[in-house]
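Residue strings, one per chain:
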Amino acid sequence: MSVEVDVRVIDKAVKALGKVPNAVEQATAAALNRAVIAGRTAVSKGVREHYTIRASDIKGQVCIKRAAKSSLKAAVTISGSPIDLTNFRVRISRRGAYAQVKKGSGGILPRSFFMAVGKAGLYHRASESRLPIQREFGPSVPQMAGETNVSKGVQERMQEVFQTRFEHEVMRRLEAME
């Protein structure tokens, strides 16, 4: 995901803040940092809008890299492996385990059961025999955040925050000059 910057806006800021050293770089870095923080929040909200997962399970896998005036690069990085199915909406009944990963869908996993001994979680039998058993997993955070409607919303939010914050930071530095 990237944020597009209008060159005309930067040129205006350079002309207005030309006498103050590093002022445009500081304003850009501050605006980028606010944009990536808003991006992290937008990832969490966008994923939770479509999936039945808690924010704490998402936020641990979303990292931000902040910008500095010397390095005007900021990034939102999403990494992680498939999430245990018990972190989503799960109910255990006599017919099996009911799991709902995406909002508005879900179903019964007939050969699944909850095991509280050892590594607690939802398991299913891999074959007709008693063993082996395998743990049930849902999608990973990068997979959920990679959906087009989620990533598009994140990009739009980051763009919007960058534009407003950049204007604010430039105005703040202009007022400080006077």
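What counts, and at which threshold
Residues numbered from 1 in each chain as written. Predicted model: local features only at pLDDT ≥ 70, side-chain atom pairs only at ≥ 80, totals over all residues. Heavy atoms only, no water. Helix = DSSP H or I, 4+ residues; strand = E, 2+ residues; numbered from the N terminus. Rg over C-alpha atoms; globule rule 2.2 N^0.38 Å. Buried < 20%, exposed > 50% of the residue type's maximum accessible area, 1.4 Å probe, protein only. Contact = heavy atoms within 4.5 Å. Areas by Shrake-Rupley, 256 points an atom, 1.4 Å probe, with all protein chains shown as cover. Lys, Arg positive; Asp, Glu negative; His and termini not counted. Charge placed at Lys NZ, Arg CZ, Asp CG, Glu CD. Pairing = 2+ DSSP bridges. Axes fitted to C-alpha atoms, helices over the stretch in contact; angles between N-to-C directions. Phe/Tyr/Trp six-rings, centres within 6.5 Å; stacked < 30°, edge-to-face > 60°. Core = buried A, V, L, I, M, F, W, Y, C linked by side-chain atoms within 4.5 Å. pLDDT = per-residue confidence, 0-100.

A. Looking closely at the overall build of the chain. Scanning the chain from N- to C-terminus turns up five helices and eight strands. In sequence order, the chain lays out its α and β elements as α-α-α-β-β-β-β-β-β-β-β-α-α. Expected size for 178 residues packed as a compact globule is a radius of gyration near 16 Å; at 23 Å, the chain overshoots this value by more than 25%. Taking the principal axes of its C-alpha atoms as reference, the chain extends roughly 75 × 30 × 20 Å. A total of 178 residues make up the chain; the buried ones form 33% of that total. Relative to all contacts within the chain whose residues are 6 or more apart in sequence, the contacts with residues 24 or more apart total 58%. Counting only carbon and sulfur atoms, one obtains 52% of the accessible surface of the chain, whose full area is about 10900 Å². For the chain, the centre of its 30 positive side-chain charges and the centre of its 16 negative side-chain charges are spaced 9 Å apart.

B. Geometry of the sheet that holds strand β4 (residues 96-100). Spatially, the three strands line up as an open sheet ordered β3-β4-β5, and their pairing is antiparallel. Looking along the sheet, the strands with just one partner apiece sit at the ends: β3 (89-93) and β5 (107-109). When the angles between neighbouring strand axes are averaged without regard to direction, this sheet yields 30°. Pairing analysis gives three bridges linking β4 to β5, with the strands arranged antiparallel.

C. Inspection of the packing of aromatic side chains at higher detail. Under the defined criterion, the tally for this structure stands at two aromatic pairs. Where Phe162 meets Phe166, the ring centres are 5.8 Å apart and the plane angle is 15°; that geometry is what we call stacked. Here Phe162 pairs with Phe166, and both are found in helix α5 (residues 148-177), just four residues apart, close to one helical turn. Summarising the burial analysis for this pair, Phe162 and Phe166 share the class buried.

D. Here's a closer look at the sheet that holds strand β8 (residues 133-135). Here three strands make up an open sheet; going across it, the order is β6-β7-β8 and the pairing antiparallel. Across the chains shown, the open sheet's two edge strands, defined by having one partner strand only, are β6 (112-115) and β8. Shown here is a sheet whose adjacent strand axes are inclined to one another by a mean of 40°, direction ignored.

E. Quick peek at the nonpolar core. Core analysis: the biggest nonpolar cluster contains 21 residues, and Val43, Val47, Ile53, Ile58, Val141 and Met144 have the highest contact counts within it. At the level of elements, α2 (23-50), β4, α4 (141-145) and α5 are the ones that each hand at least two residues to this core. Each residue touching Ile53, except ones within four places of it in the same chain, is listed here: Val47, Arg48, Ile58, Ile83, Asn87, Phe88 and Met144. With 15 residues, the next largest nonpolar core counts Ala38, Ala67, Phe162 and Phe166 among its residues.

F. How the structure looks around the confidence of the model for the chain. Model confidence for the chain is summarised by a mean pLDDT of 89, while 93% of its residues fall at 70 or above. The weakest mean pLDDT in the chain belongs to helix α1 (residues 7-16) at 69; the strongest belongs to α4 at 96.

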